[in-house]
Each structure stands twice: as C-alpha cells, then as structure tokens.
Amino acid sequence: MRIFAAGAFAALFFVTTTSFAADLTGRWQFLRQGHNGTYFGNMVIDGAQVRLKGTGLTQNYAECGKVQANGNNIEIVFSFAKAERGYAADHFYCTLSGGGLTCNNRDAAGNGGTVFNITRIGALPASGFERLDDACQPNQKPWS
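Residues numbered from 1 in each chain as written. Predicted model: local features only at pLDDT ≥ 70, side-chain atom pairs only at ≥ 80, totals over all residues. Heavy atoms only, no water.

Trainee: Please explain the pattern of salt bridges as it appears in this structure.
Mentor: It is possible for side chains of opposite charge to pair when their charged atoms get near one another. For the structure on display, the rule yields four salt bridges. Ionic pairing is found between Arg131 and Asp46, a salt bridge with its closest N-O pair at 2.4 Å. A residue pair is termed long-range when its members are at least 10 positions apart, and Arg131 in the segment after β8 (116-122) and Asp46 in strand β2 (residues 37-46) qualify at 85 residues. For Lys53, the salt bridge identified is with Asp134, shortest N-O distance 2.6 Å. Note that Lys53 is positioned in strand β3 (residues 49-55) and Asp134 in the segment after β8, a separation of 81 residues in sequence. (Salt bridge = Lys/Arg side-chain N within 4 Å of Asp/Glu carboxyl O. Helix = DSSP H or I, 4+ residues; strand = E, 2+ residues; numbered from the N terminus.)

Here is the structure:
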C-alpha cells in the first residue's frame, strides 16, 4: 500500500508540474536586444498557437507560430513573419522562471541575441483585436 501511495504521489506531482509548465495561455510582453537593435512587443498565447506584434528601431513586425512545452523548457517557434522591410522569423528558446519566461532567440537568418525575459501581463483577451488576430490570417503560408 505504501509503495502505491508513493507512486501515486509521484505521478500526481509529475502531472501537476507538467500541466503548470504547459499553461502559458494569456497575454505576454517582452523587451529584447536583437542583432540590429532593441525590440519591444506583445504576444498572445492561446493553447499551442502564438501571435506576436512588435516594434524595432526601424519597423513594426508581426509573427505567428506554435508553442512547444516540455516541462519547464518552452520553445516558441514562429513560422510566419511580416514587416515593412522583411523580417526573419524568430525561434525563442525559453525556460519557465517564476511567473515568466527567460529566453534566448535564434532567428531564421541565424542571428542570435542576448538573454531576455517575457512577462505575463494578463489573461487571454476576449476581443480579436486584443488577441492580435490580425497578425495572422487563417491558413496564411509562411514567407520568411
């Protein structure tokens, strides 16, 4: 009986920890240093989907992609990027740290940046505008 209880506790701990790490749904904000300047933006994570709108020194940009969680390791892989002058889609490699994410970026052009934080700023918004729905059109093919 004691072995069963210990095993059940371990399984419950694993499920709870995994569920916590995977529950990233909501609004997020970041400020990061890229290879050619500082970038500020907002992200909305809705299950495995992520949408981002950001501003750099020279242009605004938007990205869309997927979130992959493996315990406390989180990858945010953008497969679509659009901007006035072109933009290489980002790939954030993150770890869950407190209530936020500590990340590093490697974009599709191979450029990396310094470590930066992504902070949760709220729950999933109700309106399409606040959900950044206009950043990605349904069934839009990546071009980055």
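Trainee: Would you take a moment to explain unusual backbone geometry for this structure?
Mentor: Only a minority of non-glycine residues have a phi that is not negative, and only a minority of peptide bonds are not trans. You will see that Leu132, though not glycine, has its phi angle at about 60 degrees, which is positive. Mapped onto the secondary structure, Leu132 falls in the segment after β8. With a relative accessible area of 10%, Leu132 lands in the buried category. (Buried < 20%, exposed > 50% of the residue type's maximum accessible area, 1.4 Å probe, protein only.)

Trainee: Would you mind going over the nonpolar core with me for this structure?
Mentor: Soluble globular proteins tend to bury their nonpolar side chains together. Formed by 23 residues in total, the largest nonpolar core has its most connected members in Met43, Ile76, Phe92, Leu101 and Ile118. Put simply, the parts of the chain that give this core at least two residues each are β1 (26-34), β2, β3, β4 (60-70), β5 (73-83), β6 (91-97), β7 (100-105) and β8. With four residues, β5 is the single largest residue contributor to this core. Beyond its immediate chain neighbours, meaning those up to four positions away, Met43 contacts Gly26, Arg27, Trp28, Phe30, Val50, Arg51, Leu52, Ile76, Phe78, Phe92, Ile118 and Leu132. (Core = buried A, V, L, I, M, F, W, Y, C linked by side-chain atoms within 4.5 Å. Contact = heavy atoms within 4.5 Å.)

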